[in-house]
Amino acid sequence: SQYPHINKGLAGIVAFSSNKSFIDGEKGELIYAGYDIDTLAENASFEEVCFLLWNNRLPNQTELDDLNTKLQNSRELPQPVLNYIQNTSKNAEPMAVLRTAVSMLGDFHKVEADDTEEFRINKAITITAKIPTIIAAFDRSRSGKDIIEPLNEKSTAFNFLYMLNGEEPGEEAEKTMDLCLILHAEHGMNASTFTNRAICSTESDMYSSVTGAIGALKGPLHGGANQQVMNMLLDIDEKDADPVEYIHQRLDAKEKVMGFGHRVYKTMDPRARILRGMSKQLSEETGHTDLYEWSEAILETMKSEKDIDPNVDFFSATVYYSMGIKPDLYTCIFTMSRVSGWTGHYIEQAENNRLVRPRALYIGEKNKEWVPAEQR
Ligand code: CMC
């Protein structure tokens with residue numbers, strides 16, 4: 001035809017080379033910089049995964065201790081950012097507040113493009129360290145509670161739960177949160193990572209690229225799906241509906257069921273497999289087996305009706321719910337983790353940059369005659 005082919009949604013287009021992650025959508029395989037996701041889930045800490053995504057190798061003990069110290073010393077927020085969090089609307093979406101606060105953090109750091117790898121990694125550490133503090137501070141502030149300052153010790157997962165709840169989490173809760181952070185850290189050229197690399201490619205700064213990426217992650221087709229999954233389960237509960245019928249109705253109305261389907265996976269997302277096990281275990285421990293059982297019924301219905309499998313967002317919702325976390329914070333937790341992948345990609349893009357500048361096919365008219373405003 002006279003037109004070039006357009007891959008709507010850039011499906012299947014390879015836009016960058018990367019050392020960060022590999023996905024085999026047919027086999028349901030996910031690798032971060034050489035390590036299978038199951039291996040990392042079993043052995044790593046989130047901080048080790050951060051190091052891996054920033055350096056393409058695992059840290060030795062000294063390097064890991066050093067990274068932990070740097071993260072611990074970077075968790076506090078500048079006062080003006082805290083003031084913003086306390087003064088903005090209590091009804092604001094947490095993801096919108098997080099986006100604005102991260103953007104504001106840039107005001108307190110050198111604004112020019114970063115020029116050495118070490119400088120970029122330090123910036124990635126700073127942003128990664130402060131995101132949990134922002135999320136917890138806003139949630140407490142909007143609930144009329146005191147903001148809890150971060151500790152200069154312990155893990156990212158521990159600090160987040162501590163600042164959110166005002167009490168130290170148990171070992172199991174910390175481990176569950178840490179595992180969720182590992183599972184969400186990196187995932188190829190998804191919409192937010194692409195956004196982040198496109199912004200980096202203009203030689204803009206890391207705060208701008210993370211801010212843009214948060215905007216992309218927020219949407220319900222991407223990271224916003226986990227919150228929608230929980231809303232759906234709570235809606236089923238409130239209406240006392242049969243989950244299978246509820247799903248049939250949605251599908252008949254040609255509505256999407258959140259937490260299902262994926263551009264790359266044509267089988268069960270390996271992260272969903274791990275989260276499914278966690279969801280089952282936690283629901284048994286907390287006695288809320290109904291939500292887990294409905295999830296399984298929904299999964300079966302989606303498989304038999306549409307042959308569509310769950311993605312990472314489906315079971316993460318019930319895992320967070322079992323931990324007592326409010327649904328509108330779920331996408332913020334995704335951000336807390338994915339920032340490691342974004343900043344890893346930023347560093348990679350900056351090292352071997354070319355401006356991202358594709359083209360659009362013009363399908364409008366040409367050579368139209370000018371008509372003055374009063375005659376239109
Ligand atoms: N519910 C019902 N039908 C679906 C769903 C779903 N969740 N996902 C895909 N389909 C159907 C879709 O309607 C289409 O059917 P048909 O060919 O009859 O029109 C077919 O499956 C192919 O779907 P698509 O929309 O062309 O697939 P895509 O690659 O453009 O979209 C997606 C991928 C993730 C946006 C989509 O599956 C979706 O909207 N899912 C729900 C939102 C969601 O869970 N997003 C999280 C994604 S994974 C992790 C993350 O980024 O957070």
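Model, not experiment: these values are computed from the prediction.

Draft legend 1. Quick peek at the overall build of the chain. The helix and strand inventory of the chain stands at 16 helices and three strands. For the chain, whose C-alpha radius of gyration is 22 Å, the value lies close to the compact-globule estimate of 21 Å for 376 residues. Within the chain, the fraction of its 376 residues that count as buried is 45%. The contacts in the chain between residues at least 6 apart in sequence include a share of 75% that link residues at least 24 apart.

Draft legend 2. Quick look at the pairing of strand β1 (residues 21–24). Alternating positions in β1 separate cleanly, Ser21 and Ile23 being buried on one face and Phe22 and Asp24 remaining unburied on the opposite face. Relative to strand β2 (residues 29–32), β1 is paired through four bridges, and the arrangement is antiparallel. Residue pairing across strands places Ser21 opposite Tyr32, the latter belonging to β2. As consecutive antiparallel partners, β1 and β2 are separated by four residues, and within that stretch Gly28 has a phi angle of approximately 75°, a positive value.

Draft legend 3. Structural view of unusual backbone geometry. For Leu10, which is not glycine, the phi torsion reads 55° and is therefore positive. Mapped onto the fold, Leu10 is located in the segment before β1. For Asn56, which is not glycine, the phi torsion reads 60° and is therefore positive. Considering the arrangement of structural elements, one finds Asn56 in the loop between α2 (46–55) and α3 (61–72).

Draft legend 4. Highlighting the packing of helix α4 (residues 79–87) against helix α6 (residues 117–142). The interhelical angle for the contact between α4 and α6, taken along N-to-C directions, is 35°, at an axis separation of 8 Å. Relative to α6, α4 is oriented so that their crossing is right-handed. Contacts from Leu82, Ile85 and Gln86 of α4 reach α6 at Ile134, Ala137, Phe138 and Ser141. Class assignment of the residues belonging to the contact of α4 with α6 gives a composition of five nonpolar, two polar and no charged.

Draft legend 5. Spatial organisation of the UniProt feature "active site" (unreviewed entry) in the chain. UniProt records the feature "active site" (unreviewed entry) for His262 and Asp313 in the present numbering. These annotated residues cover 52 residues of sequence, and their C-alpha atoms all fall within 10.6 Å of one another, placing them together at a single site. Tracing the chain through its elements places His262 in the loop between α12 (243–252) and α13 (270–286). What makes His262 buried here is the crowd of 20 C-beta atoms within 10 Å. Contacts of His262, omitting those with residues within four sequence positions, involve Asp269 and Asn311. Turning to its location among the elements, Asp313 is positioned in helix α15 (residues 312–322).

Draft legend 6. Focus on the pairing of β2. Only one face of β2 is covered, namely the one carrying Leu30 and Tyr32; the face carrying Glu29 and Ile31 has none of its residues buried. Strand direction decides the pairing type here: β2 and strand β3 (residues 35–36), joined by two bridges, are antiparallel. What sits directly across from Ile31, in β3, is Asp36. Linkage of β2 to β3, two consecutive antiparallel strands, is achieved through a turn of two residues, within which Ala33 is found at a positive phi near 40°.

Draft legend 7. Structural detail: the sheet that holds β3. With antiparallel pairing, three strands are arranged side by side in an open sheet as β1-β2-β3. Bordering the open sheet on either side are β1 and β3, each of which pairs with just one other strand.

Draft legend 8. Highlighting the domain arrangement of the chain. Domain parsing of the chain yields domain 1 (21–219 + 330–351) and domain 2 (225–322). On a C-alpha basis, the centres of domain 1 and domain 2 stand 26 Å from each other. Counting from both sides, the interface comprises 19 residues of domain 1 and, opposite them, 19 residues of domain 2. At the level of secondary structure, the elements contributing two or more residues to the side of domain 1 that touches domain 2 comprise β2, α1 (37–43), α8 (171–183) and α16 (330–351). Grouping the amino acids of the side of domain 1 that touches domain 2 by side-chain chemistry returns ten nonpolar, six polar and three charged.

Draft legend 9. View of the nonpolar core. Grouped together as the largest cluster of nonpolar side chains are 99 residues, with contacts concentrated most on Val49, Leu98, Val102, Ile134, Ile135, Ile182 and Val210. In terms of residues, this core owes the most to one element, α6, which gives eleven residues. Filtering out sequence-adjacent residues up to four positions away, Ile135 remains in contact with Pro94, Leu98, Leu329, Cys332 and Met336.

Draft legend 10. Seen up close, the environment of Leu30. Structurally, Leu30 is set in strand β2. Excluding residues that lie within four positions of it along the chain, Leu30 makes contacts with Ser21, Ile23, Ile37, Pro270 and Arg271.

Procedures and definitions
Residues numbered from 1 in each chain as written. Predicted model: local features only at pLDDT ≥ 70, side-chain atom pairs only at ≥ 80, totals over all residues. Helix = DSSP H or I, 4+ residues; strand = E, 2+ residues; numbered from the N terminus. Rg over C-alpha atoms; globule rule 2.2 N^0.38 Å. Buried ≥ 20, exposed ≤ 12 C-beta atoms within 10 Å, placed from the backbone. Contact = placed C-beta atoms within 7 Å. Pairing = 2+ DSSP bridges. Axes fitted to C-alpha atoms, helices over the stretch in contact; angles between N-to-C directions. Left-handed = near helix turned anticlockwise from the far one by under 90°. Nonpolar A, V, L, I, M, F, W, Y, C, P; charged D, E, K, R; others polar. UniProt positions renumbered as here; feature names shortened; annotations may be inferred. Domains from an automatic or database assignment. Core = buried A, V, L, I, M, F, W, Y, C linked by C-beta atoms within 7 Å.

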